[in-house]
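If you want the building blocks of each chain, they are given just below.
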Amino acid sequence: MKQFHKFGLVMAANFEAVAAMVAAYWSAKYLNEHYPKGFDWANLTYVLGLLLIARSWYVVLRTLIRDQKAAETASEQGETKDGSGPN
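Residues numbered from 1 in each chain as written. Predicted model: local features only at pLDDT ≥ 70, side-chain atom pairs only at ≥ 80, totals over all residues. Heavy atoms only, no water.

**A few points about the overall build of the protein chain**
Operational definition: In this text, helices come from DSSP runs of H or I with a minimum length of four residues, and strands from runs of E with a minimum of two, each type numbered from the N-terminal end. For the exposure calls, accessible area comes from a 1.4 Å probe over protein chains only, and a residue counts as buried if that area is under 20% of its type's maximum, exposed if over 50%, partly exposed in between. Residue contacts are defined here by distance: any two heavy atoms, one from each residue, within 4.5 Å place the two residues in contact. Only the protein chains shown count as cover for residues, and all accessible areas are computed by the Shrake-Rupley method using a 1.4 Å probe.
Secondary structure assignment for the protein chain yields 2 helices and 0 strands. Looking at the protein chain residue by residue over its 87 residues, the buried ones come to 18%. Long-range pairs, those at least 24 residues apart, make up 55% of the contacts in the protein chain between residues at least 6 apart in sequence. Split by element, the accessible area of the protein chain, about 6800 Å² in all, is 65% carbon and sulfur.

Structure representation (structure tokens):
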């Protein structure tokens, strides 16, 4: 995976985090106005937003770790095939 692609994944996860929190804020505001309850809907929507952020970062980190392992495996196989090592 190219370095710019990795950078793009990390930046996209940050923008997704901002979007999730903004959506949680507006959802809480809408729910408080149209469906009033004895509790603040923000307590629920912010927790859901944080879960979405955690899932997003889990996917990004899993992808980056998998790519790192694939790169290490490829470099080790390159050393054993021709003996010259990775260039």
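Now that the structure has been shown, the text picks up again.
**A closer look at the packing of aromatic side chains**
Stated formally: Only Phe, Tyr and Trp rings are paired, with Trp represented by its six-membered ring, and only when their centres lie within 6.5 Å; those with planes under 30 degrees apart are stacked, over 60 edge-to-face, the remainder tilted.
Counted under the stated rule, the structure contains 2 aromatic pairs. Plain terms: the ring middles of Tyr25 and Trp26 are 5.3 Å apart, the flat faces sit at 75° to each other, and that makes the pair edge-to-face. For Tyr25, a relative accessible area of 41% corresponds to the partly exposed category. Each ring, one from Phe39 and one from Trp41, has its centre 5.1 Å from the other, and the planes form 55°; the classification is tilted. With a relative accessible area of 14%, Trp41 lands in the buried category.

**Topic: the pattern of salt bridges**
This is how the line gets drawn: By definition, a salt bridge exists where a carboxyl oxygen of Asp or Glu is found within 4 Å of a side-chain nitrogen of Lys or Arg.
Applying the stated criterion across every chain, the model contains 1 salt bridge. Across the pair Asp67 and Lys6 runs a salt bridge, and its minimum N-O distance is 3.1 Å. Residue Asp67 is located in helix H2 (residues 42–82), and its partner Lys6 is located in helix H1 (residues 3–34); the two are separated by 61 residues in the primary sequence. For the pair shown, Asp67 and Lys6 are each scored as buried.

**Things to note about the side chain of Thr45**
Rules: Between N or O atoms, a polar contact is any pair within 3.5 Å; within protein, one atom must be a potential hydrogen donor and the other a potential acceptor, and residues adjacent in sequence are included only when both atoms are from side chains.
Relative to the helices and strands, Thr45 is located in helix H2. Among the polar contacts made by the side chain of Thr45, one reaches the main-chain carbonyl oxygen of Ala24 at a distance of 3.1 Å. If we ignore the near neighbours within four places in the chain, the residues touching Thr45 are Ala24, Ser27, Ala28 and Leu31.

**Focus on a nonpolar patch on the surface**
The condition that has to hold: To count toward a patch, a residue needs a relative accessible area above 30% and no salt bridge. Like charges then connect within 9 Å, nonpolar side chains (Val, Leu, Ile, Met, Phe, Trp, Tyr) within 5 Å.
Where nonpolar side chains cluster on the molecular surface, the patch consists of Val18, Val22, Tyr25, Trp26 and Tyr46 and spans about 490 Å² of accessible area. Ranked by the residues each element gives to the nonpolar patch, the list is headed by H1, at 4 residues. Tyr46 sits in the partly exposed class, given a relative accessible area of 31%.

**Some remarks on the environment of Leu48**
Mapped onto the fold, Leu48 is located in helix H2. By relative accessible area, Leu48 is classed as partly exposed at 46%. When the C-alpha positions of Leu48 and Ala24 are compared, they lie 7.7 Å apart, and in sequence the two are 24 residues distant.

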